[in-house]
Amino acid sequence: MLFSELEKICGGTTQITTDEDTSIYSTDTRSLQGSSGEVFIALSGPSRNGHDFVDAASKIGVKNFIVEQAPNNVKINFLVVDNSVKALQKIATYHRNQFSIPIIGITGSNGKTTVKEWLFEILSKSSFVVKSPKSYNSQIGVPLSVLEIKSNHEIGVFEAGISQPNEMDKLQKIIQPTFGIFTTLGEAHSEGFSSSQEKLQEKLMLFREAKKMICRSDVEWFDEIRNHLSESKLLTWSLTGSSTYHVEWSEGKIKVAGVSYSTSLQHISELENVTHCIVTALEMGVSPEKIQEGLDSIKSVPMRLELKKGINGCFVLDDTYNNDLIGLRIAIDHLVSQKQNEKKTLILSDIFQTGRPDDELYTEVAELVKKKGFQRIIGVGKNISACEHLFQIEKKFFRSTKELLDDLPEFSNEMILVKGARDFQLEKVVGRIEEKNHGTVLEVNFESLRHNLRQYRNVIDQSTRMMVMVKANAYGSGISEVSNFLQHEKVHMLGVAYVDEAILLRQSGIDLPIMIMNPHVTSFSQFERFDLEAEIFSISHLNQLLRDVQNSMSIHLKIDTGMHRLGFAEEEIPQLVELLRSNPLVKVSSIFTHFSSSDSPAEDTFTHQQVEKFDKIYEQISKSIGYNPIRHACNSSAIVRFPRYHFEMVRLGIGLHGFDPSGKLDLRHTSTLKTIISQIQELPKGETVGYSRSGKLTRNSRIAVLPLGYEDGYLRVFGNGRANVIVNGKNCPTVGNICMDMTMVDVTDVDANIGDQVIIFGDAPGITDLARIAETIPYEILTNISSRVKRVFVSE
């Protein structure tokens, strides 16, 4: 539709410079290319205002904007509305009304994205299907998903998620499902509802105009569903009792309505999700043969992008489950946000089920890849290979994954995106180019980091700056990757302990200001070269800097107000200000102090005394030098407990990783330590396990050996049953002493096999649980994870 037509749909007022058709809508300027038909929708949020990015979008060529306040730019088209989110939803509703294809709406507490992805795999074997990308199920994600419906699509599959009352009504009007799937009712997202009944009733609003809703009937909450939906609307399946479809689960088999289907899925939640898909496909008229073909191509859905270290200094973004245009755009934007290496390479398979001519499709892909700064593409598949001529960058094409593996190009210091349809099994390519490990990985979740960052941003004023501490390898999480994430999230400054860390960040594409908290005097010569800023904490420290400085330089003054670690004492301030006044090349960017006990309410009086001393010294320094540097004092716990002491900047550290001593914030754990079972031994009662024979068996036991030890950061104190790990959902205690490279655990009561995944810490046991056992703090558990443990960075 023309941009000028949006006023009739959304209301508001327009300014039109040159009218044009609109086809791509985005709320994030980083996903835009400046192509014809793009529309940027400026959203106003608690921590970021989209209107601040209108000029940036205009400069890259975007010509159409939906805003809540009129911009000054007279060369663009804009529609001014009262609420940008509501405008986006109205446009999506209008767009949905132009199509009469079957639409499947999916909701529930868990499994929405899995069911959607698996159902897509099955239905796309016989129809052109459009689906929500990733987990786009929110008030913004749903309309963006529905706007992807094109004239060639035959079926739509969209998921809808809610977190509070009155949200589903809006999503129902956008999706307007003709068929529905209700996955399950659980505790997820319960905070906004007074009861599980209220949450269920709200979710079921998605299906108020649907012809049929598919759900499981032999569950405790099914009676509540019957209270809200008519029997004629319900299509049910069950393992026991009466239902529309009788289902049987057995080893490697699912029987639905008398027909058996083969599957590699084993866990109950997976079997439940795939049964929803089979029943829905049958109702859509898909043959059992096509259903089996779809089942053969599905696996446990990663639902995330995984950033891994690769060979020869490369980083690999693994997105090898499916391949569609909107998913490709998301993955490309994610890769571009990481700046560790300048060269970018895309390994891309054929893109199926678009219904578009290949020339048209791959012309769009070629333009996207070029505009996003990729230097090389490696294509896999007959269709993309036939369009090789469309790509005007370094290129190499293969008709199959086997051909690529047989003649794998060289990779060195590159950012590599691997994006492919499931049929191509490009995970084999990832396995060849990722850095090898010994089976133990620390998985760091970018979405949890983003959630925690927003929790802290929500408790500070928009004008308050945020420095994030990334010392000690970003608390063990990976300094380069976490810092690139923080730069993408537009924090104001980073803090490290030593110059080597800061230089690594500069070499990894970080251009944010960096403060070094403990710079050695011999490193001052590096500050100008790498544009670094020093914490200065003593007169001798400052004198050494003044001897080395040749040009203007920013410094940060540390004041000791009671921590008694580093910092200027009160009696040193007169000498300090005299040195500063006589050396105008040195500019004081900030003056700060460090609270010793901000996490301890019993010491609040002392914290207040620290601030009184800090205020007095700050006033003395600022008056003497003739200007007012910014002030900062609050660490993670103080950000929450002492909002009046936020000053002009706060310093976020361990809170980013999910630890809030105040307990007032809804933080998520960000790291999961995983390993595998290397060997299982069947040992009789009376045998012993490990050094010093400390693991004495009191029964016939199955003992699993894990490739993880105290060299990896799993402390010896966790041995002899003091800590548990999780194997296939069950607690398994350690047996005997923890070795340097290995740990033994008791899996007697678990169906465990060699190669099974083992959770060392994550949701449970948590890092806090291990810290309690070791009588230490979570910081130590996190930072102890050694560098030989591979880090994998995931984004939902």
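Quick caveat: nothing in here was measured; it's all calculated off a predicted structure. (Residues numbered from 1 in each chain as written. Predicted model: local features only at pLDDT ≥ 70, side-chain atom pairs only at ≥ 80, totals over all residues. Heavy atoms only, no water.)

**Student:** Describe the overall build of the protein chain, with residues and values.
**Tutor:** Scanning the protein chain from N- to C-terminus turns up 26 helices and 39 strands. Against the 2.2 N^0.38 benchmark of 28 Å for 796 residues, the protein chain shows a C-alpha radius of gyration of 29 Å, consistent with a compact globule. Seen through its C-alpha atoms, the protein chain measures out along the principal axes to roughly 85 × 85 × 60 Å. Sequence-distant contacts, at least 24 apart, represent 66% of the contacts inside the protein chain between residues at least 6 apart. As displayed, the protein chain offers around 33100 Å² of accessible surface, 46% of which is attributable to carbon and sulfur atoms. (Helix = DSSP H or I, 4+ residues; strand = E, 2+ residues; numbered from the N terminus. Rg over C-alpha atoms; globule rule 2.2 N^0.38 Å. Contact = heavy atoms within 4.5 Å. Areas by Shrake-Rupley, 256 points an atom, 1.4 Å probe, with all protein chains shown as cover.)

**Student:** How would you explain the environment of lysine 290 if you had to name every residue and give the values?
**Tutor:** If you trace the backbone, lysine 290 turns up in helix H10 (residues 288–296). Between the C-alpha atoms of lysine 290 and lysine 125, which are 165 residues apart in sequence, the distance is 6.4 Å. Apart from the residues within four sequence positions on either side, lysine 290 is in contact with Ile122 and Lys125.

**Student:** Can you break down the packing of aromatic side chains residue by residue, with the values?
**Tutor:** Following the criterion strictly, the structure yields 16 aromatic pairs and no others. Ring geometry for phenylalanine 614 and tyrosine 618: centres 6.4 Å apart, planes at 40°, overall tilted. Separated by four residues within a single helix, phenylalanine 614 and tyrosine 618 lie in helix H23 (residues 604–625), roughly one turn from each other. Pair check on accessibility: phenylalanine 614 and tyrosine 618 agree, each one buried. On the basis of an interplanar angle of 20° and a centroid distance of 5.8 Å, the ring pair of phenylalanine 642 and tyrosine 645 is categorised as stacked. Ring pairs connect the aromatic residues Phe595, Phe614, Tyr618, Phe642, Tyr645 and Phe647, which therefore count as one cluster. For the cation-ring pair, lysine 131 lies above phenylalanine 120, with the distance from its terminal atom to the ring centre recorded as 5.2 Å. One residue, arginine 631, lies across the ring of tyrosine 618, its end atom 5.4 Å from the ring centre. (Phe/Tyr/Trp six-rings, centres within 6.5 Å; stacked < 30°, edge-to-face > 60°. Buried < 20%, exposed > 50% of the residue type's maximum accessible area, 1.4 Å probe, protein only. Lys NZ or Arg CZ within 6 Å of the ring centre and 35° of its normal.)

**Student:** Can you break down the sheet that holds strand S18 (residues 376–380) residue by residue, with the values?
**Tutor:** Read from one edge to the other, the open sheet built from 12 strands follows the order S19-S18-S17-S20-S16-S15-S39-S21-S30-S38-S35-S36, with strand pairing classed as mixed. Of all strands in the sheet, those bounded by a partner on one side alone are strand S19 (394–398) and strand S36 (730–733). Shown here is a sheet whose adjacent strand axes are inclined to one another by a mean of 25°, direction ignored. The pairing of strand S30 (residues 671–676) with strand S38 (residues 757–761) spans four bridges and is classified as antiparallel. Counterpart to isoleucine 676 in the pairing with S38 is glutamine 757. Those strands touched by helix H11 (residues 325–337) are strand S15 (305–309), strand S16 (315–319), strand S17 (343–349), strand S20 (414–419) and strand S39 (790–795), and its axis lies near 165° from that of S20. (Pairing = 2+ DSSP bridges. Axes fitted to C-alpha atoms, helices over the stretch in contact; angles between N-to-C directions.)

**Student:** Describe the sheet that holds strand S2 (residues 24–26), and please don't skip the residues or the numbers.
**Tutor:** Read across the sheet, five strands follow the order S1-S5-S4-S3-S2 without closing on themselves; strand pairing throughout is mixed. Only two strands of the sheet have a single neighbouring strand rather than two, namely strand S1 (13–15) and S2. Put simply, the sheet's adjacent strands are angled 20° from each other on average, direction ignored. Contacting S2, strand S3 (38–41) and strand S4 (64–67), helix H3 (residues 84–96) runs over the sheet at an angle of about 125° to S4.

**Student:** Go over the side chain of asparagine 484 with me, naming the residues and quoting the values.
**Tutor:** If you trace the backbone, asparagine 484 turns up in helix H18 (residues 479–488). A residue is classified by how much of its surface remains accessible, and asparagine 484, at 0% relative accessible area, is buried. If near-sequence neighbours (up to four positions away) are discounted, asparagine 484 is found in contact with Ser337, Gln338, Lys339, Gln340, Ser508 and Ile510.

**Student:** A description of the packing of H11 against helix H12 (residues 358–371) should follow, citing residues and the corresponding values.
**Tutor:** Taken N-terminus to C-terminus, the directions of H11 and H12 make an angle of 10°; their axes are 12 Å apart at the nearest point. By the angle between their directions, the pair H11 and H12 is classed as roughly parallel. In this structure, H11 uses Leu325, Leu328, Arg329 and Ile332 to contact H12, whose residues at the interface are Leu361, Glu364, Val365, Leu368 and Val369. (Parallel < 35°, antiparallel > 145°, perpendicular 65-115°, else oblique.)

**Student:** I'd love a proper account of the pairing of strand S35 (residues 724–727), names of residues and values included.
**Tutor:** Along a regular strand, successive side chains alternate from one face of the sheet to the other. Here four bridges tie S35 to S36, and the two strands are oriented antiparallel to one another. Note on S36: the bridge partner recorded for isoleucine 726 is asparagine 731. In this structure, the hairpin formed by S35 and S36 is closed by a connection of two residues, where asparagine 728 is found at a positive phi of approximately 50°. Bridging between S35 and S38 involves two bridges; their strand directions are antiparallel. Paired with valine 727 across the strands is valine 758, a residue of S38.

**Student:** Which residues make up the pattern of salt bridges, and what are the values?
**Tutor:** Once the charged atoms of two side chains with opposite charge are near each other, the side chains can pair. Taken as a whole and assessed by the stated rule, the structure comprises 39 salt bridges. We note a salt bridge from lysine 131 to glutamate 117, for which the minimum N-O separation is 3.4 Å. Of this pair, lysine 131 sits in strand S7 (residues 129–131) while glutamate 117 sits in helix H4 (residues 112–123), placing them 14 residues apart in sequence. A salt bridge links aspartate 769 to arginine 772, with the nearest nitrogen and oxygen atoms 3.3 Å apart. Within this pair, aspartate 769 and its partner arginine 772 are both found in helix H25 (residues 767–774), separated by three residues, close to a single helical turn. Under the relative-accessibility criterion, aspartate 769 is labelled partly exposed at 32%. Salt bridges linked by common partners bring Glu306, Lys308, Asp318, Glu434 and Lys790 together as one network. (Salt bridge = Lys/Arg side-chain N within 4 Å of Asp/Glu carboxyl O.)

**Student:** With reference to specific residues and values, describe the side chain of histidine 95.
**Tutor:** Within the secondary structure, histidine 95 sits in helix H3. Taking relative accessible area as the criterion, histidine 95 reaches 14% and is therefore assigned buried. Dropping the residues within four chain positions of it, histidine 95 is found in contact with Val146, Leu147 and Ile149.

**Student:** Give me the lowdown on the environment of isoleucine 162, citing residues and values where you can.
**Tutor:** Inspection of the secondary structure puts isoleucine 162 in the loop between strand S8 (155–159) and helix H6 (168–175). Its relative accessible area of 3% is what places isoleucine 162 among the buried residues. Residues isoleucine 162 and alanine 331, 169 residues apart in the sequence, show an inter-C-alpha distance of 25 Å.

**Student:** Describe the nonpolar core, naming the residues involved and giving the relevant values.
**Tutor:** Judged by nonpolar contacts, the single largest core of 137 residues is most densely connected at Leu328, Leu486, Leu494, Leu557 and Ile621. With residues near it in sequence (within four places) discarded, leucine 557 still touches Ile536, Phe568, Leu576, Leu580, Val588, Ser590, Ile591, Phe592 and Ile621. (Core = buried A, V, L, I, M, F, W, Y, C linked by side-chain atoms within 4.5 Å.)

**Student:** Now, about the pairing of S8: what can you tell me, with residues and values included?
**Tutor:** Within S8, five of the five residues are buried, leaving the element largely enclosed by the surrounding structure. Here strand S6 (residues 103–107) pairs with S8 via four bridges, running parallel. Residue pairing in the sheet places isoleucine 106 in a bridge with glutamate 159 of S8. Here three bridges tie S7 to S8, and the two strands are oriented parallel to one another. From the neighbouring strand, valine 129 faces S8, where its bridge partner is isoleucine 155. This β-α-β element, S7 to helix H5 (residues 141–146) to S8, shows right-handed connectivity. (Right-handed = clockwise from strand over helix to strand, strands pointing away.)

**Student:** Explain unusual backbone geometry to me, using residue names and the numbers behind them.
**Tutor:** Going from alanine 764 to proline 765, the amide bond is cis rather than trans, its omega being -10°. Phi is positive for phenylalanine 647, which is not a glycine, with a value near 50°. For phenylalanine 647, the location among the structural elements is in the loop between helix H24 (636–641) and strand S29 (649–652). Look at serine 692: it is not a glycine, yet its phi comes out positive at around 65°.

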